[in-house]
Structure formats: C-alpha cells, structure tokens
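Observations on chain architecture
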Amino acid sequence: MTDRGATNGSPVVHGYPHLDTARAAITALYRRLSDDGVRQYDTSVAPADVAFADHDDLHLGVQRVARALVQQLHLPDARMIVSFREMEHAASVELTAGPEYFIELNDRFRTHRRDIGAALAHEITHVLLHRLGLSFPGTRDNEILTDTVTTYLGAGWLLLDAFREDRDSSQKLGYLTPEEFGYVLAKRAIVFNEDPSIWFTSPQGYTAYTKGKAQAVRDEQQPPLTTAGWSGRHRYAKDRRYALDHPGEPGSGSGSGSGDTGRAYAFETLADGPRVSFPCPTCHQRIRVPVRGRVRARCQLCHTVLDCDT
C-alpha cells in the first residue's frame, strides 16, 4: 500500500486520472459477487468500531480494529497477525492459503494511531480479493482495484479520512486520488442510501468527498437516461440523427463528446432496428436498448432499472 507522506515538493495528485480503472473495478466486483453478494455489504464499518485512542494499548487496539474490519469484509475465519517495522510503504500483507495472514504496518503508525484502521482496511481487502480470485494485471491497476473494493464494500471511507493537506505538508494513503475515493464512496452511498459525510474528521477528506459525489451524480444524468440535462439531450438527439442517417458508419453517434469514455453511448444498426448502448450508472456494465423513444431498461448485472429516452 502506498503511503504518500508528502511535502510541498511532492504534492498529492488530484482529479480523476484513474476513473476508468475504478469503474472497471466496480464492474468486476459485481461480476464476481453478483448483485445479491454486493448487497450483503449494506452497512459500512462504524467509526466507533475502528476508533483508536492514544491511551489504548497498541497491540490490543490493533487486533480489535483488525477484527472489526475482518467482520466488515465478511472474512470470519481469517486471523490477522499485525506487527510494526520500518518500511517505505504504509503497510503490506503476506497472502497465503490462510487462515492466518501476516500484516506489517509502518512504524510511524505507532504514534499516528488514528490512521491504523485505514491501513488495515486496504490490506485486509487484499486478503478478500485473494480469496475471491479477483485481480487486475499490473501492480498499479491491482492496487486501484483494492482501493475501489475497500471503499465500495464499506471500509474505504477510512482511507479518504486519512487524507490531510495544508500549506506545509500532506498525507494520503492508497492509489486513488482523494476525489476518486470520494467518487467511489458516493457510488456506494447512492446504492445503499448512506450519508458517509458525517463520519469525516478530515476537512480535506470531506471536501474531496463532495467533489467525488458531484462526479458520481453526473453518471446518473447522462443520455439516454431521462435524468439527463438539456445539453446532454440536445447532443444525444444530434448524434442519434447522424447515426440514423449514416447506418453502419464506424463511430457514428459515438456520444463521446463529453470527453469521458466511461459515460459514452454508441449507436448500432441491427436487423431488427437501431440500438444504443451505454454504461449502467451503477455498475458500468454496458446496456443495449432499442432506439424507439421512452423505454425502461434493467441492467442484467446489478439489476438497476433505468428510465431512458432513446
């Protein structure tokens, strides 16, 4: 797990450079667990269960927090053996057949105890993904998968709350940017009707959540969804007209004018008439529906029902 304890010479990256990978991670999670499986994580880990006061015994406190996160991630038979040592990264885990897993935390967490839960959440999610056999190729994408799953399954708000930034220094755990953590957290909040904003102790984490939430809401307002705004509907109508006038032309009406391929729609002409495909705003699996005005579509992966104006 990366640990960016940065100064002004090495600022925290902001924005959405990993958004496509995070969206792919959400899709992969639904495919591996199913909609019913994801919905078993309907409650996030409670702040009280992972709180760590300075007067708490270090090792007993670490084991208590680790147990709470094991339960949150539905790993009841996994035992975490946690130790501390000097290391470059925030934490690491030894992935074995189990049931015991050995986690090492950076020595600085001995005195920065409020962030122990965040570090453990990421590493214990590595154990969950190992058991599920779910991974992405390459270290970077696999770590983004881990951050995304940690957050989507109710433990990753801790990682965003560990983000702090001021004029002289900054700290961030994980590979996702603060805004991307906020985005994934908001995607979860929409599905489970949660309000994670009340859990933040970091003002910078709260701000990043509000920015990520705005990005997540935009996913729900893209054409051909009926919730799309006027400009989106106008662009969609123009692209649809072009696609119908030029059937079979590669790229006709691609809908990628927003500059965000994760939200692009695309038209195609089949034997039974024109269709439009677009990503589900919940799980990002692509959905294909007929071009015939108002229709209702049901995502086969996450079972979200969508009102569309095609």
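Preceding this section is the structure that the text describes.
Please read these numbers as outputs of a predicted model, since none were measured by experiment. (Residues numbered from 1 in each chain as written. Predicted model: local features only at pLDDT ≥ 70, side-chain atom pairs only at ≥ 80, totals over all residues. Heavy atoms only, no water.)

**Looking at the packing of aromatic side chains**
- Applying the stated rule across the entire model yields six aromatic pairs.
- With 5.3 Å between their ring centres and 45 degrees between their planes, Tyr236 and Phe267 make a pair best called tilted. Note that Tyr236 is positioned in helix α9 (residues 230–245) and Phe267 in strand β7 (residues 266–270), a separation of 31 residues in sequence. Judged on exposure class, the residue Tyr236 and its partner Phe267 are both buried.
- Connected via pairs of aromatic rings, a cluster forms that spans Tyr236, Tyr265 and Phe267.
- Its end group placed over the ring of Phe109, Arg108 keeps NZ or CZ at 4.6 Å from the ring centre. (Phe/Tyr/Trp six-rings, centres within 6.5 Å; stacked < 30°, edge-to-face > 60°. Helix = DSSP H or I, 4+ residues; strand = E, 2+ residues; numbered from the N terminus. Buried < 20%, exposed > 50% of the residue type's maximum accessible area, 1.4 Å probe, protein only. Lys NZ or Arg CZ within 6 Å of the ring centre and 35° of its normal.)

**Topic: the sheet that holds strand β2 (residues 79–85)**
- Taken together, three strands build an open sheet; the order of strands is β2-β4-β3 and the sheet is mixed. Because the sheet does not close on itself, it has two edges, and the strands there are β2 and β3 (91–94). Averaged over all neighbouring strand pairs, the angle between strand axes comes to 20 degrees, with direction disregarded.
- Sheet analysis places β3 next to strand β4 (residues 100–106), joined by four bridges and oriented antiparallel. Across the sheet, the residue bridging to Val93 is Ile103, located in β4.
- Across the sheet, helix α4 (residues 116–132) lies against β2, β3 and β4, angled at about 145 degrees from β4, the strand it touches most. (Pairing = 2+ DSSP bridges. Axes fitted to C-alpha atoms, helices over the stretch in contact; angles between N-to-C directions. Contact = heavy atoms within 4.5 Å.)

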